[in-house]
Amino acid sequence: MAVYTDVAADDLADFLKSYDVGELLSYKGIAEGVENSNFLLHTSKGAYILTLYEKRVAADDLPYFLGLMAHLCARGVNCPQPQKNRDGEVYASLAGRPAAIINFLEGMWPRRPNVMHCAGVGEALARMHVAGRDFPLVRKNNLSVDGWRGLLALAAPRADTVQPGLRAFLQTELDYLVAHWPTDLPEGVIHADLFPDNVFFLGDKLSGLIDFPFACNDMLAYDVAICLNAWCFEPDLSFNATKARAFLNAYEAVRPLTAAERAAFPLLARGASIRFLLTRLVDFLNVPEGAFVKPKDPVEYVRKLRFHQSVTSMADYGVEVARQPA
Ligand SMILES: Nc1ncnc2c1ncn2[C@@H]1O[C@H](COP(=O)(O)OP(=O)(O)O)[C@@H](O)[C@H]1O
Ligand SMILES: N[C@@H](CCOP(=O)(O)O)C(=O)O
């Protein structure tokens, strides 16, 4: 996170009275993340996370992703359980923002993901996709191909100040993706932001998934591509095929990709790159004054995008080109 919106201690103590989470003992803003304002709360009953949802999350979206977290918890996917207030609501208003309290999860996100972490997240992502099959709510992905032109329009005038030629590069890529984006691949509930800082481990064992505000209904393989981008490149931005193999094989051990998903995967990975490139670019160019946030580097995703432009098949990702029918 970051802290965009601060909360006064008295207001928070009052807010907590409508929940069964005990008396407030202490709270502090959390310096990680970039999207929303998060606080760690210690109460007489334990530890909780308070999130105030900021610009990219509308109050209308909260029933979807908070409901999804409860749905996944009930199906054995370890993620934070949203707390209901005394009116039975999972969110309310605090400091002028939609706000929710969720359980604190034990664990640490991996600062330097290794092959075992990549396998862990591959398996967990597939289990989440399977557990989401009977989730009844539907939410469109506002940050998919239909939303990218709007983001580019926001960033385009100053894009070249970040990297010369970036504006034209993005325009050409976007035109290509819009013209070729698939519409007939298996869809379901996707996390859409399962980066290392949203996956907790205790040792090498995955202990939980957090941060569901981008969750939505979209192509499952697109979620796989988002993760591959986030987990399988090295700090110098070279692609690590060993990590990709571990990640994809672990995913496919639970939910094998279809032939059509495999064929479309390089394109989906380009889309997954431009999506984060664009939001990072917009954020980088528009840091709110006084915000406690370190914007993420957009150029990282230019490099990843260029890599996927050179890919022709799954073999370039370190896995078999086609699976034998079972
Ligand atoms: N349920 C949770 N349990 C423990 N820590 C959490 C939990 N949710 C968030 N955090 C902490 O807050 C940080 C930011 O949360 P995140 O959801 O990624 O922020 P954002 O809302 O900006 O996307 C995480 O990296 C983690 O340190
Ligand atoms: N994962 C995104 C930014 C969203 O941040 P988070 O704190 O919600 O994980 C990126 O890397 O651009």
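Residues numbered from 1 in each chain as written. Chains lettered and ligands numbered in written order. Predicted model: local features only at pLDDT ≥ 70, side-chain atom pairs only at ≥ 80, totals over all residues.

Go over the packing of helix H3 (residues 115-131) against helix H7 (residues 241-254), please, and point to the residues and values.
At a minimum axis distance of 7 Å, the contact between H3 and H7 shows a crossing angle of 30°. Classified by the angle between their axes, H3 and H7 sit roughly parallel to one another. Both H3 and H7 take part in a crossing whose hand is right-handed. Together, Val-115, Cys-118, Ala-119, Val-121, Gly-122, Glu-123, Leu-125, Ala-126, Arg-127 and Val-130 of H3 and Thr-242, Lys-243, Ala-246, Phe-247, Leu-248, Ala-250, Tyr-251, Ala-253 and Val-254 of H7 make up the contact between the two elements. Here the contact of H3 with H7 is built from residues that sort into 14 nonpolar, 2 polar and 3 charged. (Axes fitted to C-alpha atoms, helices over the stretch in contact; angles between N-to-C directions. Helix = DSSP H or I, 4+ residues; strand = E, 2+ residues; numbered from the N terminus. Parallel < 35°, antiparallel > 145°, perpendicular 65-115°, else oblique. Left-handed = near helix turned anticlockwise from the far one by under 90°. Contact = placed C-beta atoms within 7 Å. Nonpolar A, V, L, I, M, F, W, Y, C, P; charged D, E, K, R; others polar.)

Pulling in residues and values, what's your account of unusual backbone geometry?
Keep in mind that most residues, glycine aside, have a negative phi and that most peptide bonds are trans. Phi is positive for Ala-95, which is not a glycine, with a value near 50°. Relative to the helices and strands, Ala-95 is located in the loop between strand S4 (92-94) and strand S5 (97-103). A positive phi angle, close to 70°, is found at Leu-237, a residue other than glycine. Summarising the element assignment, Leu-237 is placed in the loop between helix H6 (220-231) and H7. The class of Leu-237 is partly exposed, set by 14 C-beta atoms lying within 10 Å. (Buried ≥ 20, exposed ≤ 12 C-beta atoms within 10 Å, placed from the backbone.)

Go over the domain arrangement of the protein chain with me, naming the residues and quoting the values.
Each assigned domain of the protein chain is listed with its residue range as follows: domain 1 (9-103) and domain 2 (115-317). Of note, the centres of domain 1 and domain 2, computed from C-alpha atoms alone, are 26 Å apart. Contacts between domain 1 and domain 2 engage 23 residues on the former and 21 residues on the latter. Looking at the side of domain 1 that touches domain 2, the element that brings in the most residues is helix H2 (residues 62-74), giving 8 residues. Each residue belonging to the side of domain 1 that touches domain 2 can be placed in one class, and the counts come to 13 nonpolar, 6 polar and 4 charged. (Domains from an automatic or database assignment.)

Would you mind going over the confidence of the model for the protein chain in detail, with residue names and values included?
The predicted model of the protein chain has a mean per-residue pLDDT of 94, with 97% of residues at 70 or higher. With pTM at 0.93, the complex prediction returns an ipTM value of 0.93. (pLDDT = per-residue confidence, 0-100.)

Pulling in residues and values, what's your account of the site of ligand 2?
Around ligand 2, a shell composed of 13 residues is seen, among which Gly-33, Val-34, Glu-35, Phe-195 and Phe-276 lie nearest. The residue makeup of the shell around ligand 2, split by class, is 4 nonpolar, 3 polar and 6 charged. (Near = placed C-beta within 6 Å.)

Report on the environment of Glu-234, specifying residues and quantitative values.
On the secondary structure map, Glu-234 appears in the loop between H6 and H7. Spatially, the C-alpha atoms of Glu-234 and Asn-286 are 27 Å apart, while their sequence positions differ by 52 residues.

I'd like to hear about the UniProt feature "domain: Aminoglycoside phosphotransferase" (unreviewed entry) in the protein chain, residue by residue, with values.
UniProt records the feature "domain: Aminoglycoside phosphotransferase" (unreviewed entry) for residues 27-257 in the present numbering. For residues 27-257, the helix share is 39%, the strand share is 19%, and the end-to-end C-alpha distance is 44 Å. (UniProt positions renumbered as here; feature names shortened; annotations may be inferred.)

Break down H3 for me, citing the residues and quoting the values.
With 17 residues, H3 should cover 24 Å at 1.5 Å per step; its first-to-last C-alpha distance of 24 Å lies within 8% of that length. Buried residues dominate H3, accounting for 14 of its 17 residues. (Expected span 1.5 Å × (residues − 1).)

Tell me about the sheet that holds S4, and please be specific about residues and values.
The strand order S1-S2-S3-S5-S4 describes an open sheet built from 5 strands, whose pairing is antiparallel. A strand with exactly one partner marks an edge of an open sheet, and here the two such strands are strand S1 (24-29) and S4. For this sheet, the mean inter-axis angle between neighbouring strands, taken without regard to orientation, is 35°. Helix H1 (residues 9-16) rests against S1, strand S2 (37-43) and S4 of the sheet, and its axis sits at about 120° to S1. (Pairing = 2+ DSSP bridges.)

Please set out the environment of Thr-312 residue by residue, giving values where relevant.
Along the chain, Thr-312 turns up in the segment after helix H9 (299-309). It is 9.5 Å that separates the C-alpha atoms of Thr-312 and Leu-267, two residues lying 45 residues apart in sequence.

Now, about the packing of helix H8 (residues 259-285) against H9: what can you tell me, with residues and values included?
Close contact between H8 and H9 brings their axes to 9 Å; oriented N to C, the two are set at 165°. The orientation of H8 with respect to H9, classified from their angle, is roughly antiparallel. Crossing of H8 over H9 shows left-handed handedness. Counting all contacts with H8, which are made through Pro-266, Ala-269, Arg-270, Ser-273, Ile-274, Phe-276, Leu-277 and Arg-280, the residues of H9 involved are Tyr-301, Val-302, Lys-304, Leu-305, His-308 and Gln-309.

Kindly report on the nonpolar core, identifying the contributing residues and their values.
With 73 residues, the main nonpolar core has Val-121, Ala-221, Ala-225, Cys-227, Phe-247 and Leu-268 as its most contacted residues. The element contributing the most residues to this core is H6, with 10 residues. Three or more residues apiece are contributed to this core by two domains, here domain 1 (9-103) and domain 2 (115-317). When near neighbours in sequence (up to four residues on either side) are disregarded, Ala-225 contacts Phe-265, Leu-268, Ala-269 and Ala-272. Formed by 15 residues, the second largest nonpolar core is a distinct cluster that contains Leu-152, Ala-159, Leu-170 and Val-302. (Core = buried A, V, L, I, M, F, W, Y, C linked by C-beta atoms within 7 Å.)

Which residues make up the environment of Gly-33, and what values do they have?
Among the structural elements, Gly-33 can be located in the loop between S1 and S2. C-alpha separation for the pair Gly-33 and Asp-197, spaced 164 residues apart in sequence, amounts to 7.7 Å.

So, H7: which residues are in play, and what are the values?
Along its 14 residues, H7 runs 20 Å from first to last C-alpha, staying within 8% of the 20 Å computed at 1.5 Å per residue. Among the residues making up H7, those that are buried are Lys-243, Ala-244, Ala-246, Phe-247, Leu-248 and Tyr-251. Along its buried surface, H7 packs onto H3 and H6.

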